[in-house]
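Summary of the model geometry
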Amino acid sequence: MSVDASLLHALLAELAAHPEGVSTARLCKRLGLRMSVLLRTLAWIGEDAVGDREGPGWVRTFEDGARTMVQLTGAGRALLATVPGAPAPLCDHPSPPADDPQRPGMTSDAPPTTAPVATVRPDILVVDDDTDIVELIDRYLGAHGFGVRAAHSGADMHAALAEAAPDVVLLDLGLPDIDGLSLLQQLRTHWQGPVIVVSGRGEAVERVVGLELGADDYVAKPFDFRELLARIRSLLRRAAPAAPQPAAGPPRRLAFAHLVVDLGARRMHDADGTEIPLTTGEFDLLRALLERPNEVRSRDELMNALHGREAGPFDRAIDVAIARLRRKVEPDPANPDLIRSVRGLGYLLAAEVRQA
């Protein structure tokens, strides 16, 4: 996705005029935008407006009652001064700060239209009330180039998400103020980024329910830190925006049935242009099916596409992921017509796939 400079300037200027924050509905009215366009723009410039954070963090979103509010960060105010035609009075920070507290690693010489991907430490939010475990995870992941934030309760997690959207959430299920599965369900109502459940509840039913509610992976305690690191890196690779393709390369926008999938932006829209949020796992599963439509993909193939490993004899992760994806793409998920099961073999996408 690209953002027109005039739209970027108008959006930042409007936010600068409301330092306390302004609702998304008012922004749409003031800027003459559809809500879907505004949300995509906010996601591009770096906050958890529609799911994955892709930009350098020039804005932050938060909930104020029933309204979604948007507020300019220090980095956003600094950026406003670099946009051509920006009126000086709107920028209350004429010199960009050395580091923006909302986005560690955002430096003053960062270009206005790209995130410093190569220098920013991936941000891992660990939601666990066991301080010893959190400290061990912090020490291990920190030594491998990750930044770690801790949340010891559901309330702490919501506060951390409001402060800055993480790259991956590691979620324990045994929290003092709320059941972890309920918290995962709440999380998935407004954030579609990668989630790994890390819990001592290793029973099959707990794994299935966790995956059903939207987790991308499940690691049982006690765990091998090397395995945890590998799974985090796998999720980050899959969640990263696709590299630009040459003109002669494969199409980046595919259409099937009533849906359009943007492979580069990792987004899906219906025929009316309304975005249908997909988690990292749901998008990867859909892409695997789109690669070979009307051809049976085995459960092992799909498991490799999602988790880089084959399915075990009692592993229901793919079946759960298929059920979740059907709820997003099927007109009648109870009677699926697009994603069909082939008994004993796997699944296929029964649709014509064309370039959009």
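Located above this text is the structure these notes cover.
In this report, we go over the structure that sits alongside the text. (Residues numbered from 1 in each chain as written. Predicted model: local features only at pLDDT ≥ 70, side-chain atom pairs only at ≥ 80, totals over all residues. Heavy atoms only, no water.)

Observations regarding the overall build of the chain
Stated formally: Helix numbers and strand numbers start at the N terminus; a helix is a DSSP run of H or I with at least 4 residues, a strand a run of E with at least 2. Residue burial is assigned from relative accessible area. The probe radius is 1.4 Å, only protein chains are included, and a residue is buried under 20% of its type maximum, exposed over 50%, and partly exposed in between. Areas reported as accessible are Shrake-Rupley estimates using a 1.4 Å probe. Residue values count occlusion only from the protein chains shown.
Of the regular secondary structure elements, the chain holds 12 helices and 15 strands. Per-residue burial for the chain yields a buried fraction of 49% across its 356 residues. Accessible surface computed for the chain: about 16,300 Å², of which carbon and sulfur atoms make up 54%.

Remarks on the pattern of salt bridges
Formally: Any Lys or Arg side-chain nitrogen located within 4 Å of an Asp or Glu carboxyl oxygen qualifies as a salt bridge.
Inspection of every chain in the model, using the stated rule, returns 20 salt bridges. Among the ionic pairs, Glu301 bridges to Arg297, the shortest N-O distance being 3.6 Å. Owing to a relative accessible area of 28%, Glu301 belongs among the partly exposed residues under this scheme. Across the pair Arg299 and Asp319 runs a salt bridge whose closest N-O atoms are separated by 3.1 Å. Of the two residues, Arg299 is situated in helix α11 (residues 299-307) and Asp319 in helix α12 (residues 317-329); the sequence distance between them amounts to 20 residues.

What to know about the environment of Leu325
Short version of the rule: Note on contacts: a residue pair is in contact if any heavy atoms of the two residues lie within 4.5 Å.
As for its placement among the helices and strands, Leu325 is situated in helix α12. For Leu325, a relative accessible area of 0% translates into the label buried. Non-local contacts of Leu325, meaning those with residues more than four positions away in its chain, are made with Leu278, Glu282, Leu285, Leu286, Leu289 and Ile339.

Observations regarding the nonpolar core
Counted only if it meets this: For this analysis, a nonpolar core means a set of buried residues of the types Ala, Val, Leu, Ile, Met, Phe, Trp, Tyr and Cys, connected via side-chain atoms within 4.5 Å.
With 30 residues, the main nonpolar core has Phe256, Val261, Met268, Leu286, Leu325 and Leu349 as its most contacted residues. Sorting the residues of this core by element identifies β9 (253-256), β10 (259-262), α10 (280-291), α11, α12 and β14 (346-349) as the ones contributing at least two each. With seven residues, the top contributor of residues to this core is α12. Counting residues in each nonpolar core, the second largest holds 21 residues, with Leu125, Met157, Leu187 and Tyr218 among its members.

Some details on the packing of aromatic side chains
Our working definition: The criterion for an aromatic pair is that two Phe, Tyr or Trp rings (for Trp, the six-membered ring) have centres within 6.5 Å, with stacked assigned to planes under 30 degrees apart, edge-to-face to planes over 60 apart and tilted to the rest.
Enumeration over the complete set of coordinates arrives at two aromatic pairs. Plain terms: the ring middles of Tyr140 and Phe225 are 5.2 Å apart, the flat faces sit at 40° to each other, and that makes the pair tilted. One end of the pair, Tyr140, is in helix α5 (residues 131-143); the other, Phe225, is in helix α9 (residues 225-239), and 85 residues separate them in sequence. Cluster of aromatic residues (ring-pair linked, three or more members): Tyr140, Phe223 and Phe225.

Regarding the environment of Val329
Along the chain, the position of Val329 falls in helix α12. Filtering out sequence-adjacent residues up to four positions away, Val329 remains in contact with His258, Leu259, Met268, Leu338 and Ile339.

Quick notes on helix α2 (residues 24-31)
Owing to its 3.6 residues per turn, the α-helix aligns residues three or four sequence positions apart on the same side. Our working rule: Comment: arc refers to directions from the helix axis out to C-beta atoms.
For α2, the complete set of buried residues consists of Thr24, Leu27 and Cys28. One side of α2 carries all its buried residues, which in axial view fall inside an arc of 100°. Away from its buried face by more than 90 degrees, α2 exposes Lys29 and Arg30.

Comments concerning the sheet that holds strand β6 (residues 168-171)
Short version of the rule: We treat two strands as partners when DSSP finds at least two bridges between them. Lines are fitted to the C-alpha atoms to define the axes, a helix being fitted only along its stretch in contact, and any angle between axes, read from their N-to-C directions, falls within 0 to 180 degrees.
If you trace the five strands from one edge of the open sheet to the other, you get β5-β4-β6-β7-β8, paired in parallel fashion. Both outer strands of the open sheet, β5 (147-151) and β8 (217-220), are each paired with one neighbouring strand and no more. The sheet shows a mean angle of 20° between the axes of neighbouring strands, direction not considered. Taken together, the four bridges between strand β7 (residues 195-199) and β8 define a ladder with parallel strand orientation. What sits directly across from Val198, in β8, is Val219.

Digging into the pairing of β9
Bridge analysis of β9 against β10 gives four bridges, and the strand direction is antiparallel. Counterpart to Phe256 in the pairing with β10 is Leu259. Between β9 and β10, which pair antiparallel in sequence order, lie two residues; one of them, Ala257, sits at a positive phi of approximately 50°.

Description of the environment of Gly281
Along the polypeptide, Gly281 turns up in helix α10. Spatially, the C-alpha atom of Gly281 lies 8.6 Å from that of Gly214, the residues being 67 residues apart in sequence. Sequence-distant contacts of Gly281, that is, excluding residues within four places in its chain, are made with Asp216, Arg238 and Leu306.

Some remarks on the sheet that holds β10
Strands sit in the order β11-β10-β9-β15 across an open sheet of four strands; the sheet is antiparallel. The outermost strands of the open sheet, each flanked by one partner alone, are β11 (267-270) and β15 (354-355). As paired strands, β10 and β11 are joined by four bridges and run antiparallel to one another. Bridge pairing links Leu259 to Asp270 in β11. Lying on the sheet, α10 is in contact with β9, β10 and β11; it crosses β10 at an angle near 105°.

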